[in-house]
Amino acid sequence: MITHPAPAPTLEPLEPGAEWRARDIADPRQWTYRLTDADVAELEAALAHARSSCADVLDITREDFPLPTLADTIRRFEDELIDGRGFQLISGLPVERISDADASAIYWGIGTHLGWPQNKHGHLLGDVTDQGRYASDPTARGNELGPVGMPYHSDGSDLVGLMCLRKAKSGGISTVANAVLAHNEMVRTRPDLAAVLYQPAIYDLRGEEQPGHAPTYEMPVFARYRDRLFVRYIRPYIESARRHPGVPPISAAQREAFDLLDRMCRDPDFNVYMDLQPGDMQFINNYHVLHARTAFEDHPEPGRKRFLKRLWLETRKLTDRPPHLRLTGAKAWWARQRTRAS
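Predicted model, so just to flag it, every value in this text is computed and none were measured.

Participant: What's the story with the packing of helix H2 (residues 70-83) against helix H3 (residues 100-114) in this structure? I'm lost.
Facilitator: Axes are the key here: two packed helices are described by the angle between their axes and the distance separating the axes. Contact geometry of H2 with H3 gives a least axis separation of 9 Å together with a crossing angle of 65°. With respect to the hand of their crossing, H2 and H3 are arranged in right-handed fashion. Here Ala-71, Ile-74, Phe-77, Glu-78 and Leu-81 of H2 come into contact with H3, specifically with Ile-110, His-113 and Leu-114. Across the contact of H2 with H3, the residue classes tally to six nonpolar, one polar and one charged.

Participant: Help me out: how do you make sense of the packing of aromatic side chains in this one?
Facilitator: Aromatic rings considered in pairs are described by the distance between their centres and by the relative angle of their planes. Per the counting criterion, the structure on display carries eight aromatic pairs. Aromatic side chains Tyr-233 and Phe-258 sit 5.9 Å apart centroid to centroid with 40° between the ring planes, which places their arrangement in the tilted category. With a gap of 25 residues between them, Tyr-233 in the loop between strand E12 (228-231) and helix H6 (235-240) and Phe-258 in helix H7 (residues 252-266) connect regions that are remote in the sequence. Taken together, Trp-20, Trp-31 and Phe-87 form an aromatic cluster joined through their ring pairs. Taking NZ or CZ as reference, Arg-21 lies 5.6 Å from the ring centre of Phe-270, over its face.

Participant: Can you help me understand the pairing of strand E14 (residues 281-285) in this one?
Facilitator: Regular strands place their side chains on alternate faces of the sheet. Within E14, five of the five residues are buried, leaving the element largely enclosed by the surrounding structure. What you see with E14 is no split at all: Met-281, Phe-283 and Asn-285 on one side and Gln-282 and Ile-284 on the other are buried throughout. Alignment of strand E2 (residues 87-91) against E14, held across four bridges, turns out to be antiparallel. If you follow Phe-87 over to E14, its bridge partner there is Ile-284. Pairing of strand E6 (residues 159-166) with E14, which is carried by five bridges, proceeds in the antiparallel orientation. If you follow Val-160 over to E14, its bridge partner there is Ile-284.

Thresholds applied
Residues numbered from 1 in each chain as written. Predicted model: local features only at pLDDT ≥ 70, side-chain atom pairs only at ≥ 80, totals over all residues. Heavy atoms only, no water. Axes fitted to C-alpha atoms, helices over the stretch in contact; angles between N-to-C directions. Helix = DSSP H or I, 4+ residues; strand = E, 2+ residues; numbered from the N terminus. Left-handed = near helix turned anticlockwise from the far one by under 90°. Contact = heavy atoms within 4.5 Å. Nonpolar A, V, L, I, M, F, W, Y, C, P; charged D, E, K, R; others polar. Phe/Tyr/Trp six-rings, centres within 6.5 Å; stacked < 30°, edge-to-face > 60°. Lys NZ or Arg CZ within 6 Å of the ring centre and 35° of its normal. Buried < 20%, exposed > 50% of the residue type's maximum accessible area, 1.4 Å probe, protein only. Pairing = 2+ DSSP bridges.

Spelled out as structure tokens, the structure:
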């Protein structure tokens, strides 16, 4: 069912302290933390502790993964993710000498110190690799796609993490764009189009709807809640929603607004590229930063193919969200897992 448009919001720039331009973050040392030998030893000790009590990596909690020194550093990362530039890179996990399973468990453990692992479908630690799916497939998810590039978008969580285990032969470069700057510039220069993005857009559920429920849902691209900006944007899902009966075409105003947002994200002044190396962990605030990926050529050998792990997190730092973005089920799912483990 199509709902009536929401009341016109009061349009003004939001959270200017979270704006940045490429020149402001040109030095990767500003947003990269290189793990020291002592950090790696602490992570390996935490993993050994967690393995002694948890048979399944998904059962590991923050308490099971003690980081007496690194925990304070990770808390500072969370502050930067929510109130600062919105992304952070952690590099130097020695994946060349530890197994994929152990690297993934360490990555999960770091994630538990940033927030609650969260995905309403329970796919908490996902694989990002070529699974032979194509962008033209309306049921394909982004982490399943082949070597095509991906446009700027956000994921369905507060934070998203990516850990690189193996790189592609070439390409597959990660890039992030400042959605706060895009919103504020649009408000300043094209408030008419910004207002369009505050109205609900219709998204495709891509076959993940519950039986008997509608195959689409509605959500605005921009939302203001208690003077914070919340952005949720996945244009391919907006486009593919038109395949369902009764879904109206994208309006001319919507298309113009989407096109402007896409151009802003592609503007070199709004984004930064990261060539993730094996052992690198990237964390992003989905509400303030959109991310994309360039096309890639993969290695032909199965054991060398591009392989990343994805983690969705519900941050503890955000105590409230707009009603359409309130996360439910993460803590309940976690509690169920702990109950089963005990």
